[in-house]
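Analysis of the macromolecular model
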Amino acid sequence: MKPPILAIVMSTVISGTIMVLISSHWLTSWIGFEMNMLAIIPILMKKFNPRAMEASTKYFLTQATASMLLMLGIIINLLLTGQWTVLNMPNPVASNMMTAALAMKLGLSPFHFWVPEVTQGVPMSSGMILLTWQKIAPLSVLYQIAPSMNPNLLMAMAIMSVLVGGWGGLNQTQLRKILAYSSIAHMGWMIAVTTYNPTLMLLNLTIYITMTLGTFMLFMLNSSTTTLSLSHTWNKLPLIASLILMTMLSLGGLPPLSGFIPKWMIIHELTKNDMAIMATFMAMTALLNLYFYMRLTYATALTMFPSTNIMKMKWQFESTKNTTLLPPLIMISTMLLPLTPMVLTLF
């Protein structure tokens, strides 16, 4: 894609999301979602091939259905209240319909089927935008309508999402699919705490986005798309192999790393609200995610490739990819735990 076209398309995606973030009127929110959806499709089809075409079509159909459901919920709410304001949602039917529409946009279970397929079919950079930036707008609307949503429906979705995110990733060798299932599980954690403390959802989203961006950039740096190609990393870039190990364990939520903060806080919040069984269940399903991250780190940094690199001449060209954002992202996604009190005061 030519740079001017890419700039126009990206600015439309960004302005669509910002429109959703700043609007308190349902119609402008809906228009923001539509702008965002229509502008992301050229980005998904950046490298044009049949798989990208198929992935983009699946994405478009799912998002269009979600937009239709959202508009239906908005109209029901309008007929009953006579208002377009986002914060006024007295009717449970409209509220449940909007929750389902936003869950479809986010890829929460049981509407998760498109996430791994679309992420696998598009290039790495497009997958990165899909699993990070595209989550901001629907979650911002969920944040606004949180008080009027059905907590039982949200909890059911959260349980299913963490289960699907854990089980689905176990048998995968494709990195993009693994990150897609990881995204479903993280969305489940965010939704679980929405009814009790929506601000924690924002904290989780921020840390999730930094960790996922860092992971995608590390994968793009050495052009890895499968576990096998990732296992060749240590031979050429040993430092990158150890950084992948750190970010993977952080995504899994191991205690000394940043990924532990949101899990710790969410479990604390659920326990405070007499949901100890739910918190225990979610902590146990997090082990499934941790298992497939551990498998990736084992393949990357803890196994030796059959032929050691003893040649004086480099057999690959040096990477010329821009890595300006990588150091700060890796630092935030691994070393934030000691700053937890400060992070909590910010949120």
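Now for a description of the structure that goes with this document. Worth saying up front: this structure is predicted, and the values here are computed from it rather than measured.

**Side note on the packing of helix α8 (residues 151-170) against helix α15 (residues 276-301)**
Taken N-terminus to C-terminus, the directions of α8 and α15 make an angle of 25 degrees; their axes are 8 Å apart at the nearest point. Our classification of the angle between α8 and α15 gives roughly parallel. Viewed along their axes, α8 and α15 form a crossing whose handedness is left-handed. Across the interface between the two elements, M155, A158, I159, V162, L163, G165, G166, W167, G169 and L170 of α8 pack against M278, F281, M282, T285, L288, N289, Y291, F292 and R295 of α15. In terms of residue class, the contact of α8 with α15 is made up of 13 nonpolar, five polar and one charged.

**Examining the environment of M19**
With respect to the helices and strands, the residue M19 is situated in helix α1 (residues 3-22). A sequence separation of 24 residues divides M19 from I43, and the C-alpha atoms of the two residues are 19 Å apart. Each residue touching M19, except ones within four places of it in the same chain, is listed here: T28, I31, G32 and M35.

**Looking at the side chain of N204**
Topologically, N204 is positioned in helix α10 (residues 198-221). Once residues lying within four places of it in the same chain are set aside, the contact partners of N204 are H186, W189, M190, P262 and I266.

**Comments concerning the packing of aromatic side chains**
By the definition in use, this model includes three aromatic pairs. Over the ring of W189 we find K263; its NZ or CZ atom is 5.1 Å from the centre of that ring.

**What to know about the pattern of salt bridges**
Under the counting rule described, the total for this entry stands at four salt bridges. E269 is the partner of K272 in a salt bridge, and the nearest nitrogen-oxygen pair spans 3.7 Å. Here the residue K272 and the residue E269 both occupy positions in helix α14 (residues 260-272), the gap between them amounting to three residues, near one helical turn. Under the relative-accessibility criterion, K272 is labelled exposed at 54%. Each of E54, K58, E117 and K177 takes part in one network of salt bridges that share partners.

About the cut-offs
- Residues numbered from 1 in each chain as written.
- Predicted model: local features only at pLDDT ≥ 70, side-chain atom pairs only at ≥ 80, totals over all residues.
- Heavy atoms only, no water.
- Axes fitted to C-alpha atoms, helices over the stretch in contact; angles between N-to-C directions.
- Helix = DSSP H or I, 4+ residues; strand = E, 2+ residues; numbered from the N terminus.
- Parallel < 35°, antiparallel > 145°, perpendicular 65-115°, else oblique.
- Left-handed = near helix turned anticlockwise from the far one by under 90°.
- Contact = heavy atoms within 4.5 Å.
- Nonpolar A, V, L, I, M, F, W, Y, C, P; charged D, E, K, R; others polar.
- Phe/Tyr/Trp six-rings, centres within 6.5 Å; stacked < 30°, edge-to-face > 60°.
- Lys NZ or Arg CZ within 6 Å of the ring centre and 35° of its normal.
- Salt bridge = Lys/Arg side-chain N within 4 Å of Asp/Glu carboxyl O.
- Buried < 20%, exposed > 50% of the residue type's maximum accessible area, 1.4 Å probe, protein only.

So far we have only geometry, and geometry alone does not tell us how the molecule works.
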